[in-house]
Amino acid sequence: MSGKSLSAASQDGAFERISAAPRPYAGFWYSGLAAAILWGALALLMFLWPDKSVGFVKPRYVTETNILVALFATTILALTLLEPLPGLRLLVQPLTSRIRNGGRWLIVLALLTALWEIVTAKLALLPAPFFAPPHALIEAYVTDWPRLSDSVLHSLRLLALGFLFGSLSGFMTGVAIGWSQALGYWVHPVLRFLGPVPSTALLPLSLYFFPSSFSAAIFLIALATWFPVTVLTWSGVASVDKNYYDVALTLGASPIFLILRVAIPASLPYVFTGLFMGLGASFSVLVAAEMMGVKSGLGWYLQWAQGWAAYANMYGALIVMALLFSSLITLLFAVRDRLLAWQKGAVKW
């Protein structure tokens, strides 16, 4: 092994040792302590201040909700107080390092939850059932989790199929028109004509041409994903430095090699930007499509809950939807960071 290889290997080994080493202690987590105190105060408020009676139905899961808030406050307090102890720091720090930056958000959430509890359950200032207290949200999750989980699975299946078809077709279309000017001559007008049209505007036509509402929803989601992926992939392929092609050609590269090993890798940052935009557009189309004809899904669940005036269920579905969509975007970011590790630090979004 050459001296240069030994040097590179030693540098890699040193980097791995540094990465594996425990993180330095960042000091006492004061925002965590403040958050624990506020959540504990909220638990006492919920236990000691009786709810105001509204209607004829006795509220359910009130005690369970209060216990959950108290357990949450206790957990934050335990993490805050155990982290400074040298014997337990290695055990607690991996968790606190992940949530330390969110300490101020925990404080804000405690204050907002207290305000929510006071104006709904304690004082009944907001009209029921349009504004449900926190325990009604817990009741919705506990009593209706089979229907809600089934809706989540149906939405994920619909979203996965539509996003997959739209991404693949958009990627291939973008590479084709970015590489071939002749093909771009015919496809560019179609992009300019159909691209700006919202996919939901084509819902009546899709329901007519497709055999089922499920297949029509897949088409609409794929169409919403196809346009941004196509445009960004086309832009990425067209903006590749011509010197890359010249160097590859001097080394005897074929046109297929230029496309697969030069154009596509160099355009991947643009492709992931298009995927991000397409994923956001597919969420909106998914909810709108599921409100028209399907028998399950988060969009259908929202419409069902509104129809039965089950607003606590509707708010619960909205929270699940936000967490689900945010997790999918985070997963897309993780895939991007893994595939574009060679551009670490260059991509900021």
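Here the structure is shown first, and the text comes after it.
Reading guide: rules and limits
- Residues numbered from 1 in each chain as written.
- Predicted model: local features only at pLDDT ≥ 70, side-chain atom pairs only at ≥ 80, totals over all residues.
- Heavy atoms only, no water.
- Helix = DSSP H or I, 4+ residues; strand = E, 2+ residues; numbered from the N terminus.
- Buried < 20%, exposed > 50% of the residue type's maximum accessible area, 1.4 Å probe, protein only.
- 1 Å grid on protein atoms, 1.4 Å probe; cavity = no way out; pocket = protein on both sides within 12 Å on 5 of 7 lines; lining within 4 Å.
- Points joined across faces, edges and corners; volume = space filled by probe spheres on them.
- Nonpolar A, V, L, I, M, F, W, Y, C, P; charged D, E, K, R; others polar.
- Domains from an automatic or database assignment.
- Phe/Tyr/Trp six-rings, centres within 6.5 Å; stacked < 30°, edge-to-face > 60°.
- Lys NZ or Arg CZ within 6 Å of the ring centre and 35° of its normal.
- Salt bridge = Lys/Arg side-chain N within 4 Å of Asp/Glu carboxyl O.

> Can you help me understand unusual backbone geometry in this one?
Look at tyrosine 61: it is not a glycine, yet its phi comes out positive at around 60°. Unlike most non-glycine residues, alanine 309 shows phi in positive territory, near 60°. Secondary-structure assignment places alanine 309 in the loop between helix H12 (298-307) and helix H13 (311-339). Judged by its relative accessible area of 35%, alanine 309 is partly exposed.

> Just to check I follow, could you spell out the layout of surface pockets for this structure?
Leftover empty space is mapped by rolling, across the atoms, a probe with the size of a water molecule. The computed volume of the largest pocket comes to approximately 660 Å³. Lining the largest pocket are 27 residues; nearest its centre among them are Ala128, Pro133, His135, Ala136 and Glu139. The leading source of residues in the lining of the largest pocket is helix H6 (residues 134-179), at five residues. Its residues placed into classes, the lining of the largest pocket shows 17 nonpolar, five polar and five charged. Built from parts of two domains, the lining of the largest pocket gets at least three residues from each of domain 1 (30-128) and domain 2 (135-340).

> I'm lost on the packing of aromatic side chains in this one. Help?
For any pair of aromatic rings, the description rests on two quantities: the centre-to-centre distance and the angle between the ring planes. Taken as a whole and judged by the stated rule, the model has 11 aromatic pairs. Here the aromatic rings of phenylalanine 130 and tyrosine 311 are separated by 5.0 Å at their centres, their planes lie at 50°, and the arrangement is tilted. One end of the pair, phenylalanine 130, is in the loop between helix H5 (103-122) and H6; the other, tyrosine 311, is in helix H13, with 181 residues separating them in the sequence. Judged by relative accessible area, which is 41%, phenylalanine 130 ranks as partly exposed. When its relative accessible area of 14% is taken as the criterion, tyrosine 311 is described as buried. Measuring from ring centre to ring centre gives 5.6 Å for tryptophan 179 and tyrosine 245, while their planes differ by 80°; the resulting arrangement is edge-to-face. With tryptophan 179 in helix H6 and tyrosine 245 in helix H10 (residues 242-250), this pair connects stretches of sequence that are 66 residues apart. A relative accessible area of 34% places tryptophan 179 in the partly exposed class. Residue tyrosine 245 is classed as buried on the basis of its relative accessible area, which comes to 9%. Taken together, Trp300, Tyr301 and Trp304 form an aromatic cluster joined through their ring pairs. Note that arginine 147 overlies the ring of tryptophan 304, its terminal NZ or CZ placed 4.3 Å from the centroid.

> What's the story with the pattern of salt bridges in this structure? I'm lost.
Between side chains of opposite charge, a pair can form as their charged atoms come close. Per the counting criterion, the structure on display carries six salt bridges. In this structure, arginine 100 engages glutamate 83 in a salt bridge whose closest nitrogen and oxygen atoms are separated by 2.7 Å. Here the residue arginine 100 occupies a position in the loop between helix H4 (86-99) and H5, and glutamate 83 occupies one in the loop between helix H3 (62-82) and H4, the gap between them amounting to 17 residues. On the accessibility criterion, glutamate 83 (2% relative accessible area) is buried. When salt bridges that share partners are traced, they join Asp51, Glu117 and Lys122 into one network.

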